[in-house]
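# Tertiary structure, described
Spelled out from the first residue to the last, the chains are:
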Amino acid sequence: MKIVVIGGTGLIGSKVVSKLTEHGHEAIPASPNSGVSTLTGEGLAEVLEGAQVVVDVSNSPSFADDDVMNFFTTSTTNVLKAEKLAGVTHHVALSVVGTDRLPDSGYMRAKVAQETLIKNSGIPFSLVHATQFYEFVQSIAAAATDGNTVRLSHALVRPIAAEDVATTVARTAAGAPLNGTLDIAGPDEISLDDLVRGALARRGDPREVVADADAPYFGAILAERTLVPGPDATIFSTTFDEWLETQAAQTTQATPAS
């Protein structure tokens, strides 16, 4: 089966391409680097020729409110239009747990707009809602840092490894359309500030993490369970500690002997 992965050279996309290829599918990464622009439509018709499934795991290069809304609405509109012309029968998109609970966030509003376009397109679809990735904990800390202080909400999160996200997206792409949403998360509920506090401590980072109920997350204030999936979510078993150990092992293997 030919499956085109929009954003197929990024963190999640590259893993999805590898997993699909390992299972015998013709997985094609599509990105500006491969001559495909979802914003202009350039290269879409060519790359989608003969494709049965399109996976969209792309992300906006800018998170400014207007920029992110323009990216997701323009890109998704162009992709869906090209899919109809190519006869694609399944559209899979990666989104975020809690998108519809954060209307004050420009990023989340843009993701809701993207999902609405997909649902109304007439193309069979599957939406995968993931919690925050372990891989982005350092970025969350950086965005919340003021001097030597990191201010973060005490709201609960249930973070997940990117590897597990990619596994879900690949399985979903190879299966029948859900015409609905699948929530996925990691095994442990933890407050956002405690997650980052622990991660910085493991790295010997001297920054102080302070719980602040008014600290924004993607521009919005969080309630306690805004970012936690419902009871029907698929829960993966990879813990943050296990993920850290895997990252350390990979770093050691990649370091040449002296």
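In case you missed it, the structure is sitting above this.
Note that the coordinates shown come from a computational prediction; the quantities given were computed from them, not determined experimentally.

## With respect to the pairing of strand S1 (residues 2–6)
- The element S1 is largely enclosed, with a buried count of five among its five residues.
- Of the two faces of S1, the one holding Lys-2, Val-4 and Ile-6 and the one holding Ile-3 and Val-5 are both buried throughout.
- For the handedness criterion, the β-α-β arrangement of S1, helix H1 (residues 11–22) and strand S2 (residues 26–30) is classed as right-handed.

## Observations concerning the packing of aromatic side chains
- The final tally for this structure, using the stated rule, is ten aromatic pairs.
- Ring plane angle 80° and centroid distance 5.2 Å describe the contact between Phe-71 and Phe-72, whose orientation is recorded as edge-to-face.
- Accessibility expressed as a relative area gives 1% for Phe-72, which makes it buried.
- Relative to Trp-243, the ring of Phe-240 lies with its centre 5.7 Å away and its plane at 10°, an arrangement referred to as stacked. Here Phe-240 and its partner Trp-243 are both found in helix H8 (residues 240–254), three residues apart, which amounts to about one turn of the helix. Accessibility classification places Phe-240 together with Trp-243 in one group, the buried group.
- Members of the aromatic cluster, joined through ring pairs, are Phe-63, Phe-71, Phe-72, Tyr-107, Tyr-217 and Phe-218.

## So, the side chain of Asp-56
- Relative to the helices and strands, Asp-56 resides in strand S3 (residues 53–56).
- For Asp-56, which is buried and forms no salt bridge, the nearest opposite charge comes from Lys-111, at a distance of 7.0 Å.
- With sequence-adjacent residues up to four places away left out, Asp-56 is seen in contact with Ile-6, Thr-76, His-91, Val-92, Ala-93, Leu-94 and Gln-114.

## Concerning the pattern of salt bridges
- Enumeration over the complete set of coordinates arrives at eight salt bridges.
- A salt bridge links Lys-19 to Glu-163; its shortest N-O distance comes to 2.7 Å. In this pair, Lys-19 sits in helix H1 while Glu-163 sits in helix H6 (residues 162–174), placing the two residues 144 residues apart along the sequence.
- With a relative accessible area of 36%, Glu-163 lands in the partly exposed category.
- Note that Asp-193 and Arg-197 form a salt bridge whose closest N and O atoms lie 3.3 Å from each other. Taken together, the positions of Asp-193 and Arg-197, both in helix H7 (residues 192–202) and four residues apart, correspond to about one turn of that helix.
- Three or more residues joined by partner-sharing salt bridges are found here, namely Lys-15, Lys-19 and Glu-163.

## Regarding unusual backbone geometry
- If you check the backbone angles, Asn-179 has positive phi at about 50° while not being a glycine.
- By the secondary structure assignment, Asn-179 is in the loop between H6 and strand S9 (180–185).
- Even without glycine at this site, Phe-218 takes up a positive phi of about 50°.
- Inspection of the secondary structure puts Phe-218 in the loop between strand S11 (208–211) and strand S12 (234–235).

## Some points on the environment of His-129
- Positionally, His-129 belongs in strand S5 (residues 125–130).
- The exposure class assigned to His-129 is buried, which follows from its relative accessible area of 9%.
- In sequence terms His-129 and Leu-11 are 118 residues apart; their C-alpha atoms lie 16 Å from each other.
- In contact with His-129, not counting residues within four places along its chain, are Ser-95, Val-96, Val-97, Thr-99, Glu-115, Thr-181, Leu-182, Asp-183 and Ile-184.
- Engagement of the side chain of His-129 in a polar contact is seen with the side chain of Glu-115, the distance being 2.9 Å.

Cut-offs applied
Along each chain, the written sequence defines residue order, and numbers are assigned to residues from 1. The predicted origin of the model limits local features to residues at a pLDDT of at least 70 and limits the giving and counting of side-chain atom pairs to 80 or more, whereas totals for whole chains, interfaces and linings rest on all residues. Working from all heavy atoms in the structure, the side-chain values ignore hydrogens and water. Buried means the residue's accessible area, taken with a 1.4 Å probe over protein chains only, is under 20% of the maximum for its type, while exposed means over 50%, and partly exposed covers the values in between. Secondary structure elements follow DSSP: runs of H or I no shorter than four residues count as helices, runs of E no shorter than two count as strands, and numbering proceeds from the N terminus. The definition of a right-handed crossover adopted here requires that, viewed with the strands pointing away, the path from the first strand over the helix to the second runs clockwise. Classification of ring pairs uses Phe, Tyr and Trp, with its six-membered ring standing for Trp, and accepts pairs whose centres are within 6.5 Å; under 30 degrees between planes counts as stacked, over 60 as edge-to-face, and the remaining range as tilted. The charge count includes Lys and Arg as positive and Asp and Glu as negative, but it does not include His or the ends of the chains. Note on definitions: salt bridges are taken to be side-chain nitrogens of Lys or Arg within 4 Å of carboxyl oxygens of Asp or Glu. Only heavy atoms enter the contact rule, under which two residues are in contact if any of them lie within 4.5 Å. Counted as a polar contact is a pair of N or O atoms within 3.5 Å, where, for protein atoms, one must be capable of donating a hydrogen and the other of accepting one, and residues adjacent in sequence contribute only when both atoms are in side chains.

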